[in-house]
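Each chain, letter by letter, is given below.
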Amino acid sequence: MKYHVKSLKLADEGKKRIDWAEREMPVLRLIRERFAKEKPLRGVKAGCCLHVTTETANLMITLKAGGALVTLCASNPLSTQDDVAASLVKHHNIPVYAIKGEDNKTYYSHIQAIIASKPQLTMDDGADVVSIIHKEQPDRLKEIIGGTEETTTGVIRLRAMEKDGVLGYPIVSVNDADTKHLFDNRYGTGQSTLDGIIRATNVLIAGKTVVVAGYGWCGRGMAIRAKGMGAHVIVTEVDHTKALEAVMDGYMVCSMAQAVKTGDIFVTLTGDIGVLRGEHFEKMKDGAIVCNSGHFNVEIDIPALKKLSKNVREVRAFVEEYTLKDGRKINLLADGRLVNLAAAEGHPASVMDMSFANQALSAEYMVKESKNLQKKVYPVPKDIDVEIARLKLKSMGVTIDALSPEQVKYLASWQEGT
Ligand code: ADE
């Protein structure tokens with residue numbers, strides 16, 4: 001079996017951590033048990049490009065239990081947990097191509113290895129595999145029955161492909177499931193981004209001014225957790241409705257041009273390019289910390305920061321101190337890549353349980369239904385989404401009420417008023 005990981009000697013440590021994550025993934029465990037009996041993915045070649053974490057390992061083990069022939073590469077050069085990659089190879093015979101800190105050339109060679117495995121199903125986080133297959137190896141498209149996509153940025157890319165009429169096979173947008181974005185994007189990003197900032201810098205959050213760029217589900221999660229730790233939170237937005245929501249959620253809302261004057265810690269979570277630019281670095285306070293928790297490393301204009309600086313040095317792991325020409329220092333975390341996955345371990349297992357339950361069940365759905373689907377981006381079927389919420393609540397020991405027949409009738413009627 002071919003693979004490319006840092007060292008198989010790390011495998012036993014990885015196994016312990018994968019097992020630890022599994023305890024917090026009861027929904028995925030139930031799916032795995034059923035998959036092991038029913039083998040709904042029997043013989044299907046699955047090419048997966050995801051962050052190689054303990055949670056992803058549990059998903060890969062689940063797909064394999066369902067009969068899939070799985071190959072995995074990293075969806076970000078800095079997010080790989082090398083011990084996890086090693087354990088998947090050594091203990092589960094899953095070919096993995098991922099090394100933390102790999103350069104861009106290696107990153108793309110790993111994606112090529114996934115494509116070379118001739119996947120029939122793709123599972124992406126950011127749509128890199130889908131996009132490269134379409135751009136460089138369109139001949140492969142005819143072998144592919146469908147795919148799934150994990151994240152907002154990937155779904156935006158795929159919808160653009162659908163709109164341009166070039167999408168070559170159906171894809172389920174896992175991100176659109178309620179049990180994904182309402183929990184993973186919000187509570188996962190909120191906690192893990194703070195975790196990344198704290199592990200990288202060990203700064204006290206209380207009393208700091210934290211500037212959150214973007215008030216989508218990730219930004220909302222980031223803002224509420226920073227506030228909960230005692231930060232003054234400023235939100236910047238381009239969307240009027242989201243900005244209004246942030247105002248009414250109790251945050252100060254202003255333009256980035258204003259925010260840079262008072263911010264201590266800046267976090268970009270917009271999914272767009274050039275959110276923090278030269279004109280912003282020029283006005284930031286000495287010692288400001290800047291980081292990104294959006295999918296790609298394009299939100300912070302690092303070339304502009306370099307251009308304004310006379311010196312750059314690493315002051316701690318994942319912290320680069322840029323000294324500007326006037327002597328002010330700006331600290332960039334994790335090279336502008338996802339700080340939560342680079343400097344910490346990504347979202348905790350308990351939220352990834354729901355995201356990856358959606359992935360596993362969407363893969364099963366795709367295998368069953370792809371022949372009835374068009375070359376479009378589809379939502380996760382509602383019954384899958386609701387079932388995941390039900391199972392998650394059950395695993396937490398939470399019971400809820402059910403509508404009485406009278407209430408069902410009332411909701412379905414239009415005649416009754418005051
Ligand atoms: N994305 C964010 N957190 C993650 C995790 N723990 N595993 C895989 N993908 C993630």
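Note that this is a predicted model, so its numbers are computed, not measured.

The rules we used
Residues numbered from 1 in each chain as written. Predicted model: local features only at pLDDT ≥ 70, side-chain atom pairs only at ≥ 80, totals over all residues. Heavy atoms only, no water. Axes fitted to C-alpha atoms, helices over the stretch in contact; angles between N-to-C directions. Helix = DSSP H or I, 4+ residues; strand = E, 2+ residues; numbered from the N terminus. Left-handed = near helix turned anticlockwise from the far one by under 90°. Contact = heavy atoms within 4.5 Å. Core = buried A, V, L, I, M, F, W, Y, C linked by side-chain atoms within 4.5 Å. Buried < 20%, exposed > 50% of the residue type's maximum accessible area, 1.4 Å probe, protein only. Phe/Tyr/Trp six-rings, centres within 6.5 Å; stacked < 30°, edge-to-face > 60°. Lys NZ or Arg CZ within 6 Å of the ring centre and 35° of its normal. Salt bridge = Lys/Arg side-chain N within 4 Å of Asp/Glu carboxyl O. Near = heavy atom within 4 Å. Polar contact = N/O pair within 3.5 Å; in protein donor to acceptor, adjacent residues only side chain to side chain. Areas by Shrake-Rupley, 256 points an atom, 1.4 Å probe, with all protein chains shown as cover. Pairing = 2+ DSSP bridges. Right-handed = clockwise from strand over helix to strand, strands pointing away.

A. Seen up close, the packing of helix H15 (residues 349-369) against helix H16 (residues 382-395). H16 packs onto H15 with a crossing angle of 145 degrees between their chain directions and a minimal axis gap of 10 Å. The crossing of H15 and H16 is right-handed. Counting all contacts with H15, which are made through Ser-350, Asp-353, Met-354, Ala-357, Asn-358, Leu-361 and Tyr-365, the residues of H16 involved are Ile-384, Asp-385, Ile-388 and Lys-392.

B. Just the nonpolar core, in detail. With 50 residues, the main nonpolar core has Cys-48, Leu-59, Met-60, Leu-63, Leu-88 and Val-96 as its most contacted residues. A per-element tally of this core places H15 first, with nine residues. Beyond its immediate sequence surroundings of up to four residues, Met-60 is in contact with Cys-48, Leu-50, Val-70, Leu-72, Leu-88, Ile-94 and Met-123.

C. Looking closely at unusual backbone geometry. Despite not being glycine, Phe-318 shows a phi value in the positive range, around 70 degrees. You can see Phe-318 is positioned in the loop between strand S12 (309-316) and strand S13 (319-324). For Phe-318, a relative accessible area of 28% puts it in the partly exposed group. We note that Ala-334 has phi near 50 degrees; this positive angle belongs to a residue other than glycine. Within the secondary structure layout, Ala-334 lies in the loop between strand S14 (329-333) and helix H14 (339-342).

D. Looking closely at the packing of aromatic side chains. Scanning all chains against the criterion turns up three aromatic pairs. Aromatic side chains Tyr-107 and Tyr-108 sit 5.0 Å apart centroid to centroid with 85 degrees between the ring planes, which places their arrangement in the edge-to-face category. Residue placement shows Arg-220 over the ring face of Trp-217; its charged tip is 4.1 Å from the ring centre. Taking the ring centre of Tyr-251 as reference, the NZ or CZ of Lys-227 above it sits at 4.8 Å.

E. Highlighting the pattern of salt bridges. A complete count under the given rule lists 24 salt bridges for this structure. Here Arg-17 makes a salt bridge to Asp-83, at a shortest N to O gap of 2.8 Å. Residue Arg-17 is found in helix H1 (residues 11-22), and its partner Asp-83 is found in helix H4 (residues 82-92); the two are separated by 66 residues along the sequence. A salt bridge links Arg-34 to Glu-38; the shortest N-O distance between them is 2.9 Å. Pair noted here: Arg-34 and Glu-38 are both in helix H2 (residues 26-38), with a separation of four residues, about one helical turn. Salt bridges here are not isolated pairs; linked through shared partners, they connect Arg-17, Asp-83, Asp-195, Arg-199 and Glu-345.

F. Quick peek at the site of the ligand. Near the ligand, the surroundings consist of His-51, Thr-53, Glu-55, Thr-56, Leu-341, Glu-345, Gly-346, His-347, Met-352 and Phe-356. Between Thr-53 and the ligand, the recorded distance is 2.7 Å, taken from a side-chain N or O atom to a nitrogen atom. Residue His-347 places a main-chain N or O atom 2.8 Å away from a nitrogen atom belonging to the ligand. In isolation the ligand exposes 260 Å². Once the protein is present, 95% of that is buried. Those elements that provide at least two residues to the shell around the ligand are helix H3 (54-65) and H15.

G. Quick look at the sheet that holds S12. Judged by pairing direction, the sheet is mixed, and its eight strands sit side by side in the order S9-S8-S7-S10-S11-S14-S13-S12 without closing on themselves. Strand pairing shows two members of the sheet lacking a second neighbour, strand S9 (252-253) and S12, which therefore form its edges. Where strand S7 (residues 209-213) and strand S10 (residues 265-268) come together, four bridges link them in parallel fashion. Bridge pairing links Val-210 to Ile-265 in S10. Packed on one face of the sheet, helix H9 (residues 217-228) meets S7, strand S8 (232-236) and S10 and runs near 170 degrees to S7.

H. Highlighting the pairing of strand S2 (residues 69-74). Of all six residues in S2, five are buried; the element is thus mostly enclosed. Here six bridges tie strand S1 (residues 45-50) to S2, and the two strands are oriented parallel to one another. For Gly-47, the partnering residue across the bridge sits in S2 and is Thr-71. Handedness of the crossover joining S1 and S2 through H3 is recorded here as right-handed. Between the parallel pair S2 and strand S3 (residues 96-97), the chain is carried across by H4, and the sense of this crossover is right-handed.

Shape descriptors only; they carry no functional weight alone.
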